Structure formats: structure tokens, C-alpha cells
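# Analysis of the macromolecular model
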Amino acid sequence: MDAHVDRLRAGRLFFAHHHLTGSAWGQPAVHPFPERAAAVAAAGSTGIGFDAQELTQLVAEHSADWVRDVLATHGLRIGELEVLTWWWGTRDDADASRPMAESMFALADEFGIGRLKASAVFLQAGDRPPLETLAERFAVLCDRAAEHGLRIALEPVAAFPHFGYADAAQVVLDADRPNGGVEIDAWHFFRDPNGFAALDRLEGRHITGLELCDGVAEPQVSLMEDSADGRLLPGTGSFDLRRLLGEIERKRPDVDLSVEVLSASLRTLSPAENTKQTVAAVDALLDRR
């Protein structure tokens, strides 16, 4: 067993927000936060991701101290907050997104969160500003985030093909900010024909994290449906995850590794059974490394 596997099995694996909610993307969580936290801790992990909207709601309904107490009870940290949008728009759009960003920065300060996930989606090719403009705006976002000790993880969405991994890599490289990088989400990565070519251009410092999942070779539904409902547990599908893990390990062996499996079948499980099956799948994948 190599050192990389040892680290992952020593509690570095953490669970992205949507992996455990029991709800579809954009819907309120079915499983309460304390139940999810207990399941993550029972699985031997120490980190959990959070959606900014739910975290804001929990603070309003309970308190920030209540959230901290749940985390402390189970020995957890919030490793990531998601998801910031509209940072890429026109000047007016960027100004309109400022309250969202400031709210997320405040949550990060409150709970000691170190990474904020950002995405960029465009319905039409003409909706996307030039890459040099996106790089300038991403640099501004990173500079603002740096004041709060935050890294910005830029994640393309493969269902919207007008901003892929090649584009994200170019934006991050051109922005050249120490706290700005690309999030490697296995589903989006393997549904992008330029995934590995883009990864080749990045240094380890440009990689903010790796989110594991798997998928069928050729989806029989739309990419949006496959992304939201059809992902598989790591190592149970057709993605070449061993190659991806090897490339990431070569570039950044200390990468934050998480799981984000958006699956209609996984949503039928309790958080405890979900985490049990997920850890078993990740262990089996690592055993084959």
C-alpha cells in the first residue's frame, strides 16, 4: 500500500454536499445535517462539504454555535462551500453577484472554511465573454477571496459545453493567482473530451481538489440527466479513475479527495448506508491501484 492510499484511508476523504443530502440537485436536503454528520464520522472521515444556501438556513433556524456543536460532536470540519456563480458576467452582473460572494465569504470566516467552489455555465457560445476577460474577473474574485484566506476552485460543467476544462485551465493559468485553481470533478472531467489534455497543462498548485464518481461509457439519457441522476460509485463504472488518480498523485499527492455521486439510486439510502457503500467502493478502487 503506497503513501497516497495511506493518507486517503486516514481520514482525508471527505463528502461533497450533494452526495449525502438524499435530494436532487437544487432541492432542500432530505436528511438532516446531524444525521449526515454522524454518518460521515462513523465512516472514519473528518470532512464534509456544504451548500451555502443550506448553511445559511441552518444558521438562521438554529445558530452558528449549533452548527459548530454538531461539527465538534462528530470531529468534522467543513472543507468546502459551494457554489458561486455570475462572477464571470458583465460588469452589472458581477456587481449583482457581489452580495452572494460576500455572504459566502462571511460563512467561510464564521466556520473556518478554506475552499469556495465557483462554476461558469453558458447556454450559448456567444454568451461567454472572451477567455482573457474571464481570467481578469477570476483574478479579481481570487484577490477578494484571499482577504478571507479562501481558495477558489473553478469547476466546469460538462452539460454546458461552452466552458470546459481547457477553458478553465486557461483562465486559471492566465489569472495566475496563488489561491485560484481547477476542481477536477470526475464526472465533468470524463464527459469532457479535453479533460486529460487540460490537466497536462496544470501544475500541482493549480489543482484545488479531486471529486470522485463513476459513470457509464455512453449515457442513454441527456448529459444533464446523467449528471444529476446517473452517476455511479467510484470504481463501478467505465471511467479510467486509476489513470486520473495516478495523474493527480504525480502532480499533487496531497490533494483533497472527495466523493460526489449524484445518483437517483444512492438517494434512496440512509446517510449511514450511503457512506458505508461509498467508503467500500473507494477502498476497492484504491486496492486496484
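Reference entry: report on the structure contained in this document. Bear in mind that the values here come from a model prediction, so they are computed numbers and not experimental data.

## Quick word on the packing of helix 3 (residues 33–42) against helix 5 (residues 64–73)
Running from N to C, helix 3 and helix 5 cross one another at 25°; their axes reach a closest spacing of 9 Å. If you check the angle between helix 3 and helix 5, you find them roughly parallel. Crossing hand, helix 3 versus helix 5: right-handed. Contacts from Phe33, Pro34 and Ala37 in helix 3 reach Trp66, Val67, Val70 and Leu71 in helix 5. In terms of residue class, the contact of helix 3 with helix 5 is made up of seven nonpolar, no polar and no charged.

## Re the nonpolar core
One finds Phe138, Ile184 and Leu244 to be the most contacted residues of the largest nonpolar core, which totals 79 residues. The dominant element in this core, judged by the number of residues it contributes, is helix 7 (residues 131–146), at seven residues. Ignoring anything within four residues of it in the chain, the contact list for isoleucine 184 reads Tyr165, Phe189, Leu199, Ile207, Gly209, Leu210, Glu211, Leu244 and Ile248.

## Things to note about the packing of aromatic side chains
The description of two aromatic rings rests on the distance between their centres and on the angle between their planes. Applying the stated criterion to the full structure yields twelve aromatic pairs. Centre to centre, the rings of phenylalanine 189 and phenylalanine 196 are 4.8 Å apart; their planes meet at 85°, and the pair counts as edge-to-face. If you follow arginine 77 out to its NZ or CZ, it ends over the ring of phenylalanine 14, 5.6 Å from the centre. Between arginine 243 and the ring centre of phenylalanine 196, over which it is positioned, the NZ or CZ distance is 3.6 Å.

Rules used in this analysis
- Residues numbered from 1 in each chain as written.
- Predicted model: local features only at pLDDT ≥ 70, side-chain atom pairs only at ≥ 80, totals over all residues.
- Heavy atoms only, no water.
- Axes fitted to C-alpha atoms, helices over the stretch in contact; angles between N-to-C directions.
- Helix = DSSP H or I, 4+ residues; strand = E, 2+ residues; numbered from the N terminus.
- Parallel < 35°, antiparallel > 145°, perpendicular 65-115°, else oblique.
- Left-handed = near helix turned anticlockwise from the far one by under 90°.
- Contact = heavy atoms within 4.5 Å.
- Nonpolar A, V, L, I, M, F, W, Y, C, P; charged D, E, K, R; others polar.
- Core = buried A, V, L, I, M, F, W, Y, C linked by side-chain atoms within 4.5 Å.
- Buried < 20%, exposed > 50% of the residue type's maximum accessible area, 1.4 Å probe, protein only.
- Phe/Tyr/Trp six-rings, centres within 6.5 Å; stacked < 30°, edge-to-face > 60°.
- Lys NZ or Arg CZ within 6 Å of the ring centre and 35° of its normal.

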